Amino acid sequence: MNTTELANLNEKYGIHDQLTFSEGPGGIIIAAIRNPHGEATVALHGGHILSFKPRDHDPVLWLSQKSQFKTGKAIRGGIPVCWPWFADHPTDIDKPAHGFVRTAVWSVIESERLADDSIRLKLSIADSEDTKKLWPHRFKLEIDITVSDVLRIKLNATNIDDKPFTYGGALHSYFSISSIASIIINGLEGCAYLDKVDQGRRKVQEGAISFKQETDRIYLDTTADCIIEDSDIPRRIRISKKGSRTTVVWNPWIAKAGKMKDFGDDEYKRMVCVETTNADADVISLAPGDTHTLESTIRVEPWTRNND
Ligand code: TA6
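Residues numbered from 1 in each chain as written. Predicted model: local features only at pLDDT ≥ 70, side-chain atom pairs only at ≥ 80, totals over all residues. Heavy atoms only, no water.

*Asks:* Break down the site of the ligand for me, citing the residues and quoting the values.
*Replies:* By nearness alone, every residue bordering the ligand is listed as R76, F86, H98, R102, H172, K196, D216, V248, W250 and E275. At 2.8 Å, a side-chain N or O of R102 approaches an oxygen atom of the ligand. For the ligand, an oxygen atom lies 2.6 Å from a polar atom in the side chain of E275. Computed on the free molecule, the ligand has an accessible area of 390 Å², of which 84% lies beneath the protein chains in the complex. By residue class, the composition of the shell around the ligand is 3 nonpolar, 2 polar and 5 charged. (Near = heavy atom within 4 Å. Polar contact = N/O pair within 3.5 Å; in protein donor to acceptor, adjacent residues only side chain to side chain. Areas by Shrake-Rupley, 256 points an atom, 1.4 Å probe, with all protein chains shown as cover. Nonpolar A, V, L, I, M, F, W, Y, C, P; charged D, E, K, R; others polar.)

*Asks:* Describe the environment of T71, listing the residues and the values that go with them.
*Replies:* Mapped onto the fold, T71 is located in the loop between β4 (48–54) and β5 (81–82). Looking at T71, the relative accessible area reads 81%, which means it is exposed. Here the alpha-carbon distance between T71 and I28, two residues 43 residues apart in the chain, equals 8.5 Å. (Helix = DSSP H or I, 4+ residues; strand = E, 2+ residues; numbered from the N terminus. Buried < 20%, exposed > 50% of the residue type's maximum accessible area, 1.4 Å probe, protein only.)

*Asks:* I'd like to hear about the sheet that holds strand β2 (residues 29–35), residue by residue, with values.
*Replies:* Strand order in the open sheet formed by 4 strands is β1-β2-β3-β4, with antiparallel pairing between adjacent strands. In this open sheet, the two strands that pair with only one neighbour each are β1 (19–23) and β4. Neighbour-to-neighbour, the strand axes of the sheet open up by a mean angle of 15°, direction not taken into account. Bridging between β1 and β2 involves 5 bridges; their strand directions are antiparallel. When the bridges of β2 are listed, S22 appears paired with I30. Lying over the sheet, helix α1 (residues 3–13) contacts β1 and β2, oriented at roughly 170° with respect to β1. (Pairing = 2+ DSSP bridges. Axes fitted to C-alpha atoms, helices over the stretch in contact; angles between N-to-C directions. Contact = heavy atoms within 4.5 Å.)

*Asks:* Outline α1, listing residues and values.
*Replies:* All of the buried residues in α1 are L6, L9 and Y13. Burial along α1 is one-sided: seen end-on, the buried residues are contained in an arc of 60°. Residues of α1 that are exposed and angled more than 90 degrees away from the buried face: T3, E11 and K12. With a side-chain oxygen positioned 3.0 Å from the backbone nitrogen of T4, the residue opening α1 is N2. (Arc of directions from axis to C-beta.)

Dropping the structure here:
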């Protein structure tokens, strides 16, 4: 984007001191949001929330120090938008993992300061000749982000084609934690999951989730809140959701982290993914003209020993 286009973007969608657009690493355009309740940064590349920090708290999202801000490359960390499929394409391994919108440039369509001083930013992307080569459907996808001391994200998918389509996807959120060895995640007790580090075997979650090895689990048919209990900070991060029946929990651990160029060898210790998803049996079918919303709300809460 040239300086004139950037100036026009700020003219049309900037909000004095609370929402400004500038050029970031790799030339990607980044929206910086700041208000009395919190702050966030969002890249137009991938419609990708890079950071979120409620006032008086440490940053909530994790971003790799080795993340590559490159055309065609997904940013490692923050909240990648995985769409219109989650993980590998169901039938064609040569298609990009997690779909194609997280590596495309989105457009700004709306910005607003709300009555409570929250800032709302909407970005969108639609089908193109390139996307149709990967997925033969006409769609409009919007990400609607509201930043206060809570981060509210709505991913609105609309079928603008003349035939139905079925899709999966996720808000693939990376969270910043004190240490993967000391956190637990509550909320998924008793939930069935597919264990991707044990040949996809179907299991049932017993008690809280703790981490002692690579962990990659697709929890099925759940609408539950997940709470990351971080006693060392101390804080709790609550991830609530609507329009999602799958939750994915991931930590790459040592070997997998070591194999990823955009992931520091030791960085696995300070992150965990809790992903608001629709995958496997929970994929969404949309009739022409219909819209489905996947919603994730992220907030920090005080940590108490009795985990009330
Ligand atoms: O959400 C977990 C997962 O599907 C893992 O299997 C791992 O592949 C992770 O996503 C990251 O995928 P990426 O394509 O971003 O490297």
